[in-house]
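# Descriptive structure summary
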Amino acid sequence: MIKKFRMIIPTLALALGLAGCGGSPASSGGGQGASPGGGAPSDTIKIGAELSVTGPASSLGRPERDTLQMVADEINASGGVGGKKLQLITYDDESNPTKAVLNLKKLLDQDHVSAVIGGTTSAISLGLIPTIEQAQVPFFSLAADQRIATPVKPWVFKLPQGDNLVVERILAYLKSQNITKVGWLSSSDDFGQGGKNTFEALAPKFGIQGVAFESYVPTDKDMIPQLTRIKNANPQAVIIYGIPPGASIATKNFAQLGFKVPLIHSHGIANQDFLTQTGSASNGVVFPASKLLVANQLPDTDKQKAVLLKYKDDFEKKFGYPANAFGGHAWDAIHIVAKAVGAVGGDHQKIRDYVENNTKDFVGCTGVFTFNPADHNGLTKEALALIKVVDGKWTLLQE
């Protein structure tokens with residue numbers, strides 16, 4: 001999501017091209033570091049982060065939080081942006097949409113942030129949008145549901161690849177394998193249902209038919225009944241559209257039932273927790289996702305490779321666990337925000353306008369972004385790699 005030049009390297013060398021001095025260090029966690037009365041010191045810019053650091057979506061929210069803090073610290077250590085330091089104020093919604101809205105209101109009314117990054121899950125991001133639109137504060141969603149940014153909402157930008165790109169990539173792969181009949185299992189939340197709606201809209205164009213549709217509640221501990229019904233429909237492949245832990249449980253159930261057809265997943269499984277939770281049951285799974293998972297397997301000509309390898313190396317050295325695509329979305333978001341702040345300061349309208357009109361060919365972790373008034377996701381199908389799990393490892397699938 002930013003720049004006219006290409007970021008083929010070190011993150012902060014760019015430090016987003018911004019220089020400056022002064023200010024207090026970036027802060028996180030429940031509004032720490034806020035000045036009395038909620039106003040930011042004159043030498044700082046406040047950025048809000050509303051994330052699911054704990055709860056069912058923690059495998060997404062934790063790397064998002066860690067990435068945001070890492071980048072904010074790096075930017076501040078290199079001099080800040082436009083003569084100011086970034087103050088990151090983070091709240092954990094515990095994967096609860098109601099708490100997320102309350103957190104957002106704190107960021108807006110108490111902390112007076114210049115922009116908000118977050119909404120870890122689709123349900124939470126969609127639930128935050130009415131408050132964002134009313135407050136007219138730029139929001140950078142870390143969730144995938146296509147409805148977050150389609151149709152375009154003036155104050156909302158979305159970092160992850162949309163359902164349209166992901167489902168189309170799945171369908172193109174199935175067609176290449178001469179598969180025409182599939183079973184569908186998705187989570188009952190906004191992410192899963194958004195994927196299902198997109199599949200039903202696009203599948204006929206690829207000559208593919210859904211022969212069974214089932215869903216599960218994200219907190220379910222067993223999906224054998226749903227998968228049994230899908231198996232009885234004799235599909236040539238099965239698609240599971242969800243995130244861990246639900247998607248992991250479904251994958252193990254799929255193996256337990258002895259399916260003999262390919263298993264396809266969405267980009268929602270693109271983190272190490274999925275491999276850890278599924279073990280050998282996930283071998284053979286195919287899915288489209290951000291290139292981060294297979295960064296070292298990309299050709300040197302890939303525009304994103306240098307950025308991905310640097311982020312991965314920085315993150316894993318600092319935190320001691322594998323970087324994933326969800327942290328990559330956060331990396332993109334804070335760099336885009338920082339670039340805008342460095343150019344125009346902390347004014348809400350100016351940040352929004354700058355991001356919309358000046359984010360051109362920004363090479364990020366998720367893809368190469370170009371925003372415009374008609375597109376607040378800014379990605380193409382090139383933002384996805386097709387990946388296969390082989391012997392418990394992510395493997396770039398050569399098409």
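Presented here is an overview of the structure given in this document.

Each value, and the rule that gives it
Residues numbered from 1 in each chain as written. Predicted model: local features only at pLDDT ≥ 70, side-chain atom pairs only at ≥ 80, totals over all residues. Heavy atoms only, no water. Axes fitted to C-alpha atoms, helices over the stretch in contact; angles between N-to-C directions. Helix = DSSP H or I, 4+ residues; strand = E, 2+ residues; numbered from the N terminus. Left-handed = near helix turned anticlockwise from the far one by under 90°. Contact = heavy atoms within 4.5 Å. Nonpolar A, V, L, I, M, F, W, Y, C, P; charged D, E, K, R; others polar. Buried < 20%, exposed > 50% of the residue type's maximum accessible area, 1.4 Å probe, protein only. Pairing = 2+ DSSP bridges. Right-handed = clockwise from strand over helix to strand, strands pointing away.

### Remarks on the packing of helix H11 (residues 325-344) against helix H12 (residues 348-358)
Following both chains from N to C, one finds H11 and H12 inclined at 115 degrees, their axes separated by 9 Å at the closest point. Note that H11 runs across H12; the crossing there is right-handed. Of H12, the residues touching H11 (which contributes Ile-336, Lys-339, Ala-340, Val-341, Ala-343 and Val-344) are Lys-350, Ile-351, Tyr-354 and Val-355. Classifying every residue of the contact of H11 with H12 gives 8 nonpolar, no polar and 2 charged.

### Considerations on the packing of helix H2 (residues 58-77) against H11
The angle between the axes and the distance between the axes are what describe a pair of packed helices. For the pair H2 and H11, the least separation of the axes is 8 Å and the interaxial angle reads 35 degrees. Relative to H11, the crossing made by H2 is right-handed. Together, Leu-60, Pro-63, Glu-64, Thr-67, Leu-68, Val-71, Ala-72 and Ile-75 of H2 and Phe-326, Gly-327, Ala-330, Trp-331, Ile-334, His-335 and Ala-338 of H11 make up the contact between the two elements. Residues of the contact of H2 with H11, tallied by class, amount to 11 nonpolar, 3 polar and 1 charged.

### Here we look at the pairing of strand S3 (residues 115-118)
The alternating pattern of S3 places Ala-115 and Ile-117 on one face and Val-116 and Gly-118 on the opposite face, and all of these are buried. Pairing between S3 and strand S4 (residues 139-141): 3 bridges, direction parallel. Within S4, the position partnered with Gly-118 by the bridge is Ser-141. Where the polypeptide runs from S3 across helix H4 (residues 122-135) and back to S4, its parallel neighbour, the crossover connection is right-handed.

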